[in-house]
Number of protein chains: 2
Amino acid sequence: MHDFSISLDGFGTGEGLTQDQPFGHAGQRLHEWMFSTATGRAMLGRGGGTRGVDEALVARSRHGIGAEIMGLRKFHTGTGPLPDDWRGWWGEDPPFGTPVLVLTHRPRPPIEMAGGTTFHFLDLPPAEALAWARDAAGGLDVHVGGGVSTLRAFLDADLVDDLHLVVVPVVLGRGQRLWDGLEGLERRFDVEQVATPSGVVHVTMTRREKRAGRRTA
Amino acid sequence: MHDFSISLDGFGTGEGLTQDQPFGHAGQRLHEWMFSTATGRAMLGRGGGTRGVDEALVARSRHGIGAEIMGLRKFHTGTGPLPDDWRGWWGEDPPFGTPVLVLTHRPRPPIEMAGGTTFHFLDLPPAEALAWARDAAGGLDVHVGGGVSTLRAFLDADLVDDLHLVVVPVVLGRGQRLWDGLEGLERRFDVEQVATPSGVVHVTMTRREKRAGRRTA
């Protein structure tokens, strides 16, 4: 799990999520730091951007990933079943370039996009989802992209080798809190906290007993 | 408010507080960083200790303070009325050296200790408590020492000029959470986050519109 932004009070998203405001009352505040980096600006089709530690961490998370796992509500903010014509937030050429496993209780046929991204819609618990994604990743790492409840489920099942959180200095007050139910999480990880001039703190948690070979981030 | 330690998930104290474990299941984990500093070690009657940024922040918080405000449960962990013979946690020569206002619904006569500390037990809302403490502080700053609910009450009433939190990389999971009800707090402050080699992050929040003269920390 990389580049996952939370507020000072631990919320990974706000309240009142809509198609227009996918992070609810948090707006863009949790992700401004990322769109100030060179990689973040390139994602918006712009040049420039910072090239320091924020950039290094964002850039790293975009290399060596062979498959992505996400919850349904990252693929589509909203309630109820997916609209038939919904093809994700990211346009026709999504930034993944890999198989993407969307976890849902209502499986449906895959959607093949440009640039190597294919969305697969399966109903799997975390360990089986990881096994599926490892198989799809062809020896590369598997990235768990969120949202909050998906991250929590994978952390709770102890399936995460590398956790990189970004603490943004805002107090959201409400929304979905990452930390709930994760008491003692730090005992399984080596933890670093590094502040950068953009004002955020990168919290990197590295699993103490690494599995040999492929990793889950 | 200075040197107030919280966990990654925002708890300022754990669950299950007792006389033997005043921070409950958190134990000493929230405060180890402080007792590694030169000032922290001196408080325990020991020499040595770090002399970097952790130390500078701890040392700063012990100068220029003319009065202390604390909640009853910082003065005495436990439920029900104060035992008649309870004189605080800090021995006969407490580290304050100033008037200390202990907020309680059951006022009682002051207790004069060695070294200039006198505990006063009054039933005052935050703004009146601050007025009392300012008067007692003789032109110096007023320090709000905790616990969590007392800090929240003063922040909620917008009575705080300087807030210094220390985020310790543990996930406590339960206890008393500082952030509840403080949505948007950062808008009133300039916020810095600085990580130090001890592994903690110092979050300093400085009120944007300073009152002239005396300050509340």
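As the structure is a prediction and not an experimental result, all values here were calculated from the model.

(A) Representation of the overall build of chain A within the structure. Within chain A, the regular secondary structure consists of five helices and 11 strands. Taking 217 residues into account, the globule formula puts the C-alpha radius of gyration at 17 Å, and chain A, at 17 Å, falls close to it. Expressed as a percentage of contacts within chain A between residues at least 6 apart in sequence, the contacts between residues at least 24 apart total 63%. Total accessible area computed for chain A in this model is approximately 9,600 Å², and 51% of it derives from carbon and sulfur atoms. The averaged location of the 27 negative side-chain charges in chain A is 1 Å from the averaged location of its 23 positive side-chain charges.

(B) A look at the environment of B:D156. Residues and elements named next belong to chain B. Counting through the fold element by element, D156 comes out in helix α5 (residues 148-156). Overall, the relative accessible area of 57% leaves D156 in the exposed class. Taking C-alpha positions, D156 is 7.9 Å from G181, a pair spaced 25 residues apart along the chain. Setting aside residues no more than four positions away along its own chain, D156 makes contact with G181 and L182.

(C) Just the relation of the copies chain B and chain A, in detail. Rotating chain B by 180 degrees about the axis while translating it 0.0 Å along that axis superimposes it on chain A, leaving an RMSD of 0.0 Å. On the angle and the small slide along the axis, the relation comes out as a two-fold axis. Measuring from the rotation axis to each C-alpha of chain B, the shortest distance belongs to B:A195, at 2.7 Å. When the interface residues of chain B are mapped onto chain A, 100% of them are again interface residues, pointing to one common binding face.

(D) Structural view of the sheet that holds strand β6 (residues 118-122) of chain A. All names here are of chain A. Strand order in the open sheet formed by five strands is β5-β6-β4-β3-β7, with mixed pairing between adjacent strands. Each edge of the open sheet carries a strand with a single partner, namely β5 (108-112) and β7 (141-146). Geometrically, the sheet is characterised by an average inter-axis angle of 20 degrees between neighbouring strands, direction not taken into account. Examined bridge by bridge, strand β3 (residues 65-71) and β7 share five bridges and lie parallel to one another. Bridge pairing links I65 to D141 in β7.

(E) Molecular detail of the pattern of salt bridges. Tallied over the entire structure, the rule returns 20 salt bridges over all chains. Here B:D158 ties to B:R207 by a salt bridge, and the two come within 2.9 Å at their closest N and O atoms. One end of the pair, B:D158, is in the loop between α5 and β8 (162-168); the other, B:R207, is in strand β11 (residues 201-207), and 49 residues separate them in sequence. In this structure B:R207 comes out as buried when scored by relative accessible area, which is 12%. Across the pair B:R177 and B:D180 runs a salt bridge, and its minimum N-O distance is 3.5 Å. Owing to a relative accessible area of 14%, B:R177 belongs among the buried residues under this scheme. By sharing partners, the salt bridges in this structure join A:D158, A:D161, A:R188 and A:R207 into a single network.

(F) Focus on the interface of chain B and chain A. Contact with chain B, which involves 28 residues of that partner, is made by 28 residues of chain A. In this structure, the connection of chain B to chain A is made through six salt bridges. The interface formed by chain B and chain A holds 12 residue pairs in polar contact (both at pLDDT 80 or more) in total. Looking at the side of chain B that touches chain A, its residues break down into 15 nonpolar, five polar and eight charged.

(G) The arrangement of the UniProt feature "domain: Bacterial bifunctional deaminase-reductase C-terminal" (unreviewed entry) in chain A in detail. The positions UniProt marks with the feature "domain: Bacterial bifunctional deaminase-reductase C-terminal" (unreviewed entry) are residues 3-190 of chain A. Between the C-alpha atoms that bound residues 3-190 of chain A there is a distance of 17 Å. The span itself is 21% helix and 24% strand.

(H) The arrangement of the sheet that holds strand β3 (residues 65-71) of chain B in detail. Residue and element names in this part refer to chain B. Taken together, the five strands give an open sheet; going across it, the order is β5-β6-β4-β3-β7, and neighbouring strands pair in mixed fashion. Looking at strand neighbours, the two that pair on one side only are β5 (108-112) and β7 (141-146), the edges of this open sheet. Ignoring which end each strand starts from, the neighbouring axes of this sheet average 20 degrees apart. The pairing of β3 with strand β4 (residues 99-103) spans four bridges and is classified as parallel. Bridge assignment links M70 to a residue of β4, and that residue is V102. Across the sheet, helix α4 (residues 126-137) lies against β3, β4, β6 (118-122) and β7, angled at about 150 degrees from β3, the strand it touches most. Running at roughly 135 degrees to β7, α5 makes contact with β3, β4 and β7 of the sheet.

About the criteria used
- Every chain is numbered independently, its residues counted from 1 as its sequence is written.
- As they are written, the chains are lettered A onward and the ligands numbered 1 onward, keeping that order.
- In keeping with the model being predicted, local features are shown solely for residues with a pLDDT of at least 70 and side-chain atom pairs are shown and tallied solely at 80 or more, while totals for entire chains, interfaces and linings include all residues.
- Just so you know, side-chain values use all the structure's heavy atoms and leave hydrogens and water out.
- A run of H or I in DSSP becomes a helix once it reaches four residues, and a run of E becomes a strand once it reaches two; helices and strands are each numbered from the N terminus.
- For the radius of gyration, the atoms used are the C-alpha atoms, and the globule rule reads 2.2 Å times the number of residues raised to 0.38.
- Only heavy atoms matter for contacts: two residues are in contact if any of them lie within 4.5 Å across the pair.
- Surface accessibility in these figures is a Shrake-Rupley result with a 1.4 Å probe; residues are shielded only by whichever protein chains are displayed.
- Positive charges come from Lys and Arg, negative ones from Asp and Glu, while His and the chain ends are left out of the count.
- Charge positions are represented by NZ for Lys, CZ for Arg, CG for Asp and CD for Glu.
- Three labels apply to residues, based on accessible area from a 1.4 Å probe with only protein chains included: buried if under 20% of the type maximum, exposed if over 50%, partly exposed otherwise in between.
- The least-squares superposition of copies is restricted to C-alpha atoms, and to residues with a pLDDT of at least 70 in both copies.
- In this scheme, strands are said to pair when DSSP sees at least two bridges between them.
- In this analysis an axis means a line fitted to C-alpha atoms, helices contributing only their contacting stretch, and an angle means the value between N-to-C directions, from 0 to 180 degrees.
- Salt bridges are identified by distance alone: a Lys or Arg side-chain nitrogen within 4 Å of an Asp or Glu carboxyl oxygen.
- Distance and chemistry together define a polar contact, namely a pair of N or O atoms within 3.5 Å, with one atom able to donate a hydrogen and the other to accept it when in protein, and with adjacent residues in sequence counting only for side-chain atoms on both sides.
- In this classification, the charged set is Asp, Glu, Lys and Arg, the nonpolar set is Ala, Val, Leu, Ile, Met, Phe, Trp, Tyr, Cys and Pro, and all remaining amino acids, among them Gly, are polar.
- UniProt positions are given in the numbering used here, feature names are shortened, and annotations may be inferred rather than shown by experiment.

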